[in-house]
Amino acid sequence: MPALLAGQADFMKLIAIVVAAASAAFLGLSQGQANALPLFVPVSGFVLAAILWLARDISIFLRIFMGMYALGYLLIAAANTLASYGLVPQTLAALVPPAFMATASVCFAGLVFGVSFIPVVRTITNLADPYFYSIRSGEENFSWFGRLFRSEGRAAVAMVAAIIATNFVQVGLNIKFNLWYRDLFDALQNKNADAFWYQIWWVFIPLLVFWIIFQLLDFTIDTIFRIRWRQWLTESYFSRWLDRSTHYKMGVAGQNADNPDQRISVDVAAFISSTMTLSTQMMAQLATLVSFTVLLWGLSEGFTFPGTAVVIPGLLVWVAVAYSLVGTILTHLIGRPLIRLDFLQEKFEANFRFSLARLREYGEQVALLRGADAEKANLRGGFAQVITNVIDILKRRLKIEGFRFSWQQMSVAFPYLFMGPYFFLDRITLGQLQQGAQAFGQVNASLSFFISAYTTLAAYKATIDRLVTFEDAMGRAEVIGTVPPHIERKTAPENALVIRDLRVDLPHGVRIVEIDRLDLRAGEPVLVNGPSGSGKSTLFRALAGIWPYGSGEVDVPEGRSVMLLPQRPYIPQGNLRAAISYPAVAGAYDDAAIRAVLIAVGLPALVNRLDDDDNWGQRLSGGEQQRLAIARALLAKPDWLLLDEASSALDEKSERVLYEAIAAALPDTTIVSIGHRSTLAAFHDRRIDLQPMDDGVARPVDLAREPVPVG
């Protein structure tokens, strides 16, 4: 990552140097030349070079925009320089963007650099930037396109650059369409048929063809990019959530952000969609604003304020600015509560879906307890929150939309009110009237972007908040158990699982287990007893390396594997082959081995159902699920097998059969069991009692094995 960051900074320096050199060349070529490039263009180029140099350390996502603006400046300035020398063919001259667009590019770059310091923008870019630094091979996901860039991050940069370029071209085409409207209506006013048909065939048709091409190109690249970004970010989140037992620690620590499933599946998609839509739209609106402001200023440069003789340079520009500013302030005041309401709506919707999913999972228990009425009451309560909040959102949006529709519709008449008298006085042509009205509409729409997109922005802010809080919760969970004092799990050459100075605590700091020294020797099966609540299961989780609270050391024999089977197994959805292979991936074991262990654990009825897709967590009884978990252990062949009441749902005879199956299939595996049944003693050579002392802390007491008759 540091190397990538340094490389990006150096690239920005290179672009800055290129822009400065090109600006000097443009300045020299424009000296003494007829139709010369305006002086402000090369001067603004030097400003752009300085901005690029200062922006070398900002977000990579924003640097892509700045780099494209620099490219836009170079292309537009170069095209106008060539046109001034008569080197552009007449058929293409109409497509050359106005020279002021080059300086507009500089303004856009400056705005991007400025917004990079806004806290909410930094939050957005902190979420977005990691994708663009991805070093994963792009060939897997982009085929030949990926091979050009070696990594998905670089391919992503190229795709965003292409999206920006197509949007920039579309803005340029909009300007050309505006000029075309002027010339077309002037031809109609003058009844000049030749000029009219020229505008139709040689200006409109080429512009239309280019417009269609770039619209389709933008749609294709943008769609592919969003799919790829969503795949990468989704995988990044669920990998981080699952790695190092972060999801478990979040729950144990009480830092579990509500509904992480929705944050990964729904909020990621919403974030990517809104980020790309709003950033490209905002870029296009900025380009439109600057470009059409120049046109509108020129059209209304000598206009007087209505009812007076006072000349206001660029009157229509100031009217558009004032009108949009008032509308923006009023929209924000009306719509500010939407941010909180959108955040709550996502939470309530997710809670309601979770309640339904949980009801499906525990359908049998609900049916047995005749709990339908209670469940309906719970669902009504959860859904009532959804509906109440929806109504609140609807009321707020009605206010916003009512104001927005009224405000925007009133703006239609403004340019005609101000420009109509000048048309009747023959100070402007019909074409200029139409051009001014359209330019006013474009400027007003750009300045009113905040008004039009307010509801989208409110939902976007809620999405960002949910992703940020999710990342914060994961970040806090990731450091739990990593800062001393903590339980350290090491590998050691001894042929025993050794516990030293172990102190096991609850999340709120209460100590429940203390062990100064305990050796669990290989080949010696151990039974752990103790009253409920003495910390047996928590101790096992510490031995397995997932319990983060406490201190001390657990030494695991080097190169040896440890597997823990809890009382309630986890059965993933899918076919039975995947369920029994878990935590290995489906296909890790051949079907013959799977069928053999199913028979060994007493599940012969399932041997021919390996390809059946079912919700096996509900289809199988508690005892069958525990048998399935034992079958997994027989397939995995761990060196140490920790059984946390893993046979509690079975009768004593079935439990004995399972332990005999383990002994037969895993002769080299050391078994450590938690259990309350006295019959378990027959399968263990050593017994340890966790006995709570006067201080409430449980400590181990070695007991001799008590012979118990089997049968």
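Residues numbered from 1 in each chain as written. Predicted model: local features only at pLDDT ≥ 70, side-chain atom pairs only at ≥ 80, totals over all residues. Heavy atoms only, no water.

**Quick word on the overall build of the protein**
Then, number 1: Looking only at helices and strands, the protein has 26 helices and 12 strands in total.
Then, number 2: Relative to the globule expectation of 27 Å for 711 residues, the C-alpha radius of gyration of the protein, 35 Å, shows a markedly less compact shape.
Then, number 3: C-alpha extents for the protein along the principal axes are approximately 115 × 60 × 55 Å.
Then, number 4: In the protein, buried positions account for 45% of the 711 residues.
Then, number 5: In the protein, the proportion of contacts linking residues at least 24 apart, taken out of those at least 6 apart, comes to 75%.
Then, number 6: A total of about 34100 Å² of accessible surface is found on the protein, and carbon and sulfur atoms cover 62% of it. (Helix = DSSP H or I, 4+ residues; strand = E, 2+ residues; numbered from the N terminus. Rg over C-alpha atoms; globule rule 2.2 N^0.38 Å. Buried < 20%, exposed > 50% of the residue type's maximum accessible area, 1.4 Å probe, protein only. Contact = heavy atoms within 4.5 Å. Areas by Shrake-Rupley, 256 points an atom, 1.4 Å probe, with all protein chains shown as cover.)

**Here we look at the nonpolar core**
Then, number 1: Formed by 75 residues in total, the largest nonpolar core has its most connected members in Tyr-73, Phe-225 and Phe-271.
Then, number 2: The dominant element in this core, judged by the number of residues it contributes, is helix α3 (residues 60–84), at 13 residues.
Then, number 3: In contact with Phe-225, other than residues within four places in its own chain, are Tyr-131, Phe-132, Ala-156, Met-159, Val-160, Ile-163 and Met-276.
Then, number 4: Of all hydrophobic cores here, the second largest spans 35 residues; its members include Leu-565, Leu-598, Tyr-659 and Ala-681. (Core = buried A, V, L, I, M, F, W, Y, C linked by side-chain atoms within 4.5 Å.)

**Some thoughts on unusual backbone geometry**
Then, number 1: Pro-583 follows Tyr-582 through a cis peptide bond whose omega is 10°.
Then, number 2: For Pro-583, the location among the structural elements is in the loop between α22 (576–581) and α23 (591–600).
Then, number 3: A positive phi is found at Arg-244, a non-glycine position, where the angle reads about 55°.
Then, number 4: Relative to the helices and strands, Arg-244 resides in the loop between α10 (193–242) and α11 (246–252).
Then, number 5: Residue classification places Arg-244 among the exposed residues on the basis of a relative accessible area of 61%.

**Overview of the side chain of Asn-389**
Then, number 1: One can find Asn-389 in helix α16 (residues 372–410).
Then, number 2: Those residues in contact with Asn-389 that sit more than four places away from it in its chain are Leu-341, Leu-344, Gln-345 and Phe-348.

**Some details on the packing of aromatic side chains**
Then, number 1: Scanning the model with the defined rule gives 27 aromatic pairs in all.
Then, number 2: For the ring pair Phe-352 and Phe-383, a centre distance of 5.0 Å and an interplane angle of 40° mean the geometry is tilted. Residue Phe-352 is found in helix α14 (residues 338–361), and its partner Phe-383 is found in helix α16; the two are separated by 31 residues along the sequence.
Then, number 3: Taking the relative accessible area as the measure of exposure, Phe-352 reaches 17% and is therefore buried. (Phe/Tyr/Trp six-rings, centres within 6.5 Å; stacked < 30°, edge-to-face > 60°.)

**Description of the confidence of the model for the protein**
Then, number 1: Here the protein averages 82 in pLDDT, and 90% of its residues register 70 or above.
Then, number 2: Confidence over residues 705–711 falls short of pLDDT 50; this stretch has 13 contacts with residues more than four positions distant or in other chains. (pLDDT = per-residue confidence, 0-100.)

**Let's talk about helix α2 (residues 40–54)**
Then, number 1: With 15 residues, α2 should reach 21 Å at 1.5 Å per residue; the first-to-last C-alpha distance of 21 Å fits that figure.
Then, number 2: Buried residues of α2: Val-41, Pro-42, Ser-44, Gly-45, Leu-48, Ala-49, Ile-51 and Leu-52, and no others. The buried side chains of α2 occupy one side of the element, clustering within an arc of 165° when seen end-on. (Expected span 1.5 Å × (residues − 1). Arc of directions from axis to C-beta.)

**Observations regarding the packing of α2 against helix α5 (residues 100–115)**
Then, number 1: Taken N-terminus to C-terminus, the directions of α2 and α5 make an angle of 20°; their axes are 9 Å apart at the nearest point. For the element pair α2 / α5, the angle class is roughly parallel. The two elements α2 and α5 meet at a crossing, and its hand is left-handed. Seen from α2, the contacting residues are Phe-40, Val-41, Ser-44, Val-47, Leu-48, Ile-51 and Leu-54; seen from α5, they are Phe-100, Ala-102, Thr-103, Val-106, Ala-109, Gly-110 and Phe-113.
Then, number 2: Grouping the amino acids of the contact of α2 with α5 by side-chain chemistry returns 11 nonpolar, 3 polar and no charged. (Axes fitted to C-alpha atoms, helices over the stretch in contact; angles between N-to-C directions. Parallel < 35°, antiparallel > 145°, perpendicular 65-115°, else oblique. Left-handed = near helix turned anticlockwise from the far one by under 90°. Nonpolar A, V, L, I, M, F, W, Y, C, P; charged D, E, K, R; others polar.)

**Comments concerning helix α26 (residues 652–665)**
Along an α-helix, residues three or four positions apart point the same way, because every turn accommodates 3.6 residues.
Then, number 1: Look at α26: 20 Å from first C-alpha to last across 14 residues, which is about the 20 Å you get at 1.5 Å a residue.
Then, number 2: For α26, the set of buried residues is Ser-654, Glu-655, Leu-658, Tyr-659, Ala-661 and Ile-662. Projected onto a plane normal to the axis of α26, the buried residues spread over an arc of 155° and lie on a single side. Opposite the buried face of α26, at more than 90 degrees from it, the exposed residues are Lys-653, Ala-663 and Ala-664.
Then, number 3: Tucked into the core, α26 has its buried residues touching α23, α25 (622–636), β9 (640–644) and β10 (670–674).
Then, number 4: One side-chain oxygen at the N-terminal end of α26 lies 3.1 Å from the backbone nitrogen of Lys-653; it belongs to Asp-651. (Polar contact = N/O pair within 3.5 Å; in protein donor to acceptor, adjacent residues only side chain to side chain.)

**Section: a nonpolar patch on the surface**
Then, number 1: A cluster of nonpolar side chains, Trp-197, Tyr-198, Trp-201, Trp-202, Ile-205, Leu-208, Val-209, Ile-212, Ile-213 and Leu-216, forms an exposed patch at the surface whose accessible area comes to about 1000 Å².
Then, number 2: Structurally, the position occupied by Trp-201 is in helix α10.
Then, number 3: Using a relative accessible area of 52% as the deciding quantity, one classes Trp-201 as exposed. (Patch = residues over 30% accessible without salt bridge, like charges linked within 9 Å, V, L, I, M, F, W, Y side chains within 5 Å. Salt bridge = Lys/Arg side-chain N within 4 Å of Asp/Glu carboxyl O.)

**A few points about the pattern of salt bridges**
It is possible for side chains bearing opposite charge to pair when their charged atoms get close.
Then, number 1: Applying the stated criterion to the full structure yields 29 salt bridges.
Then, number 2: The shortest N-O distance in the salt bridge between Glu-152 and Arg-228 comes to 3.3 Å. Placement of the pair is Glu-152 in helix α9 (residues 152–189) and Arg-228 in helix α10, with a sequence separation of 76 residues.
Then, number 3: In this structure Arg-228 comes out as buried when scored by relative accessible area, which is 7%.
Then, number 4: For Arg-244, the salt bridge is made with Glu-478, and the minimal N-O distance between the two is 3.8 Å. With a gap of 234 residues between them, Arg-244 in the loop between α10 and α11 and Glu-478 in helix α20 (residues 454–479) connect regions that are remote in the sequence.
Then, number 5: The structure contains a network of salt bridges with shared partners spanning Arg-503, Asp-505, Arg-511, Glu-514, Asp-516, Asp-695 and Arg-699.

**Here's the deal with the pairing of β9**
Then, number 1: Where burial is concerned, most of β9 is hidden: 5 out of the 5 residues are buried.
Then, number 2: Side chains of β9 alternate between two faces, with Trp-640, Leu-642 and Asp-644 and Leu-641 and Leu-643 buried alike.
Then, number 3: Where strand β6 (residues 562–565) lies against β9, 4 bridges are found, and the strand directions are parallel. Note that in β9 the partner of Val-562 across the bridge is Trp-640.
Then, number 4: Across 5 bridges, the pairing between β9 and β10 is parallel. (Pairing = 2+ DSSP bridges.)

**Some points on the pairing of strand β4 (residues 526–529)**
Then, number 1: Covered by surrounding structure in β4 are Val-526 and Val-528 together with Leu-527 and Asn-529, the residues of both alternating faces.
Then, number 2: Bridge analysis of β4 against β10 gives 3 bridges, and the strand direction is parallel. Along β10, the bridge assignment pairs Val-528 with Ile-674.
Then, number 3: Relative to strand β11 (residues 686–692), β4 runs parallel, the two being bridged by 4 bridges. Residue Leu-527 lies in a different strand from β11, and its bridge partner there is Arg-687.

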